[in-house]
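Residue-level structural notes
Okay, here's what each chain looks like letter by letter:
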Amino acid sequence: MIQKKTLAALEKVIMALAPLDPEARRQVIEATHNLVEIGMGRRQGQDAKPAKKMAKSKR
């Protein structure tokens, strides 16, 4: 269901940008990009895995 809503929204965005000239389209996309807050996220295979604590043995 979410995929259909996302696709519908994307289609509306494309239709709205279509009549613009390339420079105006670039400006709209750049302005929109600046509004979106993007988290750091994980970089594939580059983040260190948290070290596991070793269990203490009973003496």
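Report follows, based on the coordinates. (Residues numbered from 1 in each chain as written. Predicted model: local features only at pLDDT ≥ 70, side-chain atom pairs only at ≥ 80, totals over all residues. Heavy atoms only, no water.)

Topic: a nonpolar patch on the surface
Among the surface-exposed residues, L7, L10, V13 and I14 lie close enough to one another that they form a single nonpolar patch of about 360 Å² accessible area. Along the polypeptide, L10 turns up in helix 1 (residues 2-17). L10 sits in the partly exposed class, given a relative accessible area of 46%. (Patch = residues over 30% accessible without salt bridge, like charges linked within 9 Å, V, L, I, M, F, W, Y side chains within 5 Å. Areas by Shrake-Rupley, 256 points an atom, 1.4 Å probe, with all protein chains shown as cover. Salt bridge = Lys/Arg side-chain N within 4 Å of Asp/Glu carboxyl O. Helix = DSSP H or I, 4+ residues; strand = E, 2+ residues; numbered from the N terminus. Buried < 20%, exposed > 50% of the residue type's maximum accessible area, 1.4 Å probe, protein only.)

Side note on the pattern of salt bridges
Where charged atoms of side chains with opposite charge meet at close range, the side chains can pair. Across all of its chains, the model carries two salt bridges by this definition. One salt bridge in this structure joins R26 and E23, with 2.6 Å as the shortest N-O distance. One end of the pair, R26, and the other, E23, are both in helix 2 (residues 22-35), three residues apart, so they sit about a helical turn from each other. In this structure, E30 and R26 form a salt bridge, with 2.6 Å as the shortest nitrogen-oxygen distance. Here R26 and E30 lie together in helix 2, a separation of four residues that amounts to about one turn. Look at E30 and you get partly exposed, because its relative accessible area is 42%. Overall, R26 belongs to the partly exposed group, its relative accessible area being 39%. Residues participating in the shared-partner salt-bridge network are E23, R26 and E30.

What to know about the environment of R25
If you trace the backbone, R25 turns up in helix 2. Owing to a relative accessible area of 28%, R25 belongs among the partly exposed residues under this scheme. Those residues in contact with R25 that lie beyond four places of it in its chain are L17, A18 and L20. (Contact = heavy atoms within 4.5 Å.)

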